[in-house]
Amino acid sequence: MSEIVWRLTIRSDERSADLLSGALYRVGYEGLEIVEDDGRGESLSSPFTGGDRPGADLLSIRAYAVTRYGLEELARVVAEVPGCSVATIEEIQVEDWAEEWKKHFKPLPVGNRLVVIAPWQAASKHGDRVPIAIEPGRAFGTGTHASTRLALAAIEEALPDLPGSGPVVDLGCGSGILAIAAAKLGCAPVVAIDIDPDAVEVARENARRNGVQALVSFVEGDHLSVPEGTRLLAANLSAPVHRAIAAVVTPRIAPGGRALLSGILRDEVDGVARAWPQGWRHTRRDEEEWALLSLAAPAPPPAGR
């Protein structure tokens, strides 16, 4: 069955291709294709399986997305990567997109307790791990990217030290994977927020698929929608967005609460940390070229003081 998808063609210096790939992933591409810049348009890799980069100095990189999620900020993201520019944005038809995902998507253990699976895979095959069933290819966030894995593992690790009450928030929820993980690990209430209505609907569908729809509320909004008294904020966003929203989000996190900021390159961590107030405890975890910054709000003073 054919499906309409979006194809974005970007001109890139070869040295910037890896950085560009990470930036595109954060705004919702679902596959990459690198073509040699020799005028022939010869494809050197499948949009599903990847491939080796050609030796040419200049590349044309095609990114594929099945919704418009993230396209509005694509030009801004590409402009931030040296040597890159947007060439074209097209609607095309792709045959059996969903079937290709079924061929290549494999169960993904994350942290000590979680495993990300596809809906057609059996949850019972993964022992004591908590399964999170996500439909691949509909919105950003299937656990295959390091920034998502870092956030999932950090949520699991943070839970024992959180304040006893208050919402857990997934800001920029995409597929809803972080909100669903929090709910399945015992958190309630959970709030999933995204500016894109398609992403919100996908997150709602995935929550129903995982049986946690009663524990998660879905909000079409931005950082201004983060509720007061949030005990855990998980946000897989770009570093410029993290810096821009810090002043608004900070006072909405409960004393002793946590902010888990993912989608950050290693050399961007210090800049993001400086946007948060002094007195917050900072720790980080790295995977590949990505990092997660964990910020702990100062604990409330002891009772009676």
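Refer to the structure printed above.
Notes on the structure follow. (Residues numbered from 1 in each chain as written. Predicted model: local features only at pLDDT ≥ 70, side-chain atom pairs only at ≥ 80, totals over all residues. Heavy atoms only, no water.)

**A few points about the overall build of the chain**
We apply this condition: Under the DSSP-based scheme used, a helix requires at least four consecutive residues in state H or I and a strand at least two consecutive residues in state E, with every element numbered from the N terminus. Contacts are assigned to residue pairs that have any heavy atoms within 4.5 Å of one another. Exposure was quantified through the Shrake-Rupley algorithm and a 1.4 Å probe, taking into account, for residues, occlusion by the shown protein chains and nothing else.
In terms of regular secondary structure, the chain is built from 8 helices and 14 strands. Relative to all contacts within the chain whose residues are 6 or more apart in sequence, the contacts with residues 24 or more apart total 70%. Working note: accessible area of the chain is about 13500 Å², and carbon and sulfur atoms make up 49% of it.

**Details of helix α7 (residues 239-249)**
Which entries qualify depends on this criterion: Each residue's exposure class comes from its accessible area (1.4 Å probe, protein chains only) as a fraction of the maximum for that residue type: buried when under 20%, exposed when over 50%, partly exposed otherwise. Working definition: the arc comes from the directions between the helix axis and the C-beta atoms, pointing outward to the latter.
Where α7 is concerned, the buried positions are Ala239, His242, Ile245, Ala246 and Val249. Along the axis of α7, the buried residues cluster in a sector spanning 140 degrees; they form a single face. In α7, the exposed positions that point more than 90 degrees away from the buried face belong to Ala244 and Ala247. Buried residues along α7 sit against β8 (168-171), β11 (230-236), β12 (253-265) and α8 (269-274).

**Section: the pairing of strand β9 (residues 190-194)**
The test is simple: Two strands qualify as a pair provided that DSSP identifies no fewer than 2 bridges between them. A clockwise path from the first strand over the helix to the second, with the strands pointing away from the viewer, defines a right-handed crossover.
Burial analysis of β9 places 5 of its 5 residues in the buried class, the great majority of the element. Neither face of β9 is open: one carries Val190, Ala192 and Asp194, the other Val191 and Ile193, and all of them are buried. Sheet analysis places β8 next to β9, joined by 4 bridges and oriented parallel. Opposite Val169, over in β9, you have Val191 as the bridge partner. Handedness of the β9-helix α6 (residues 197-209)-strand β10 (residues 216-220) crossover: right-handed.

**Overview of the nonpolar core**
Soluble globular proteins tend to bury their nonpolar side chains together. The condition that has to hold: Only buried residues count toward a nonpolar core. Its members are Ala, Val, Leu, Ile, Met, Phe, Trp, Tyr and Cys residues joined through side-chain atoms within 4.5 Å.
Core analysis: the biggest nonpolar cluster contains 41 residues, and Leu114, Ile132, Leu152, Ile155, Val190, Val216 and Leu232 have the highest contact counts within it. The element best represented in this core is helix α4 (residues 146-158), accounting for 8 residues. With residues up to four places along the chain from it excluded, the contact list for Leu114 reads Leu108, Pro109, Arg129, Val130, Ile132, Leu152, Glu156, Ala181 and Leu185. In this structure, Val226, Leu237, Ile245 and Ala259 belong to the second largest nonpolar core, which totals 25 residues.

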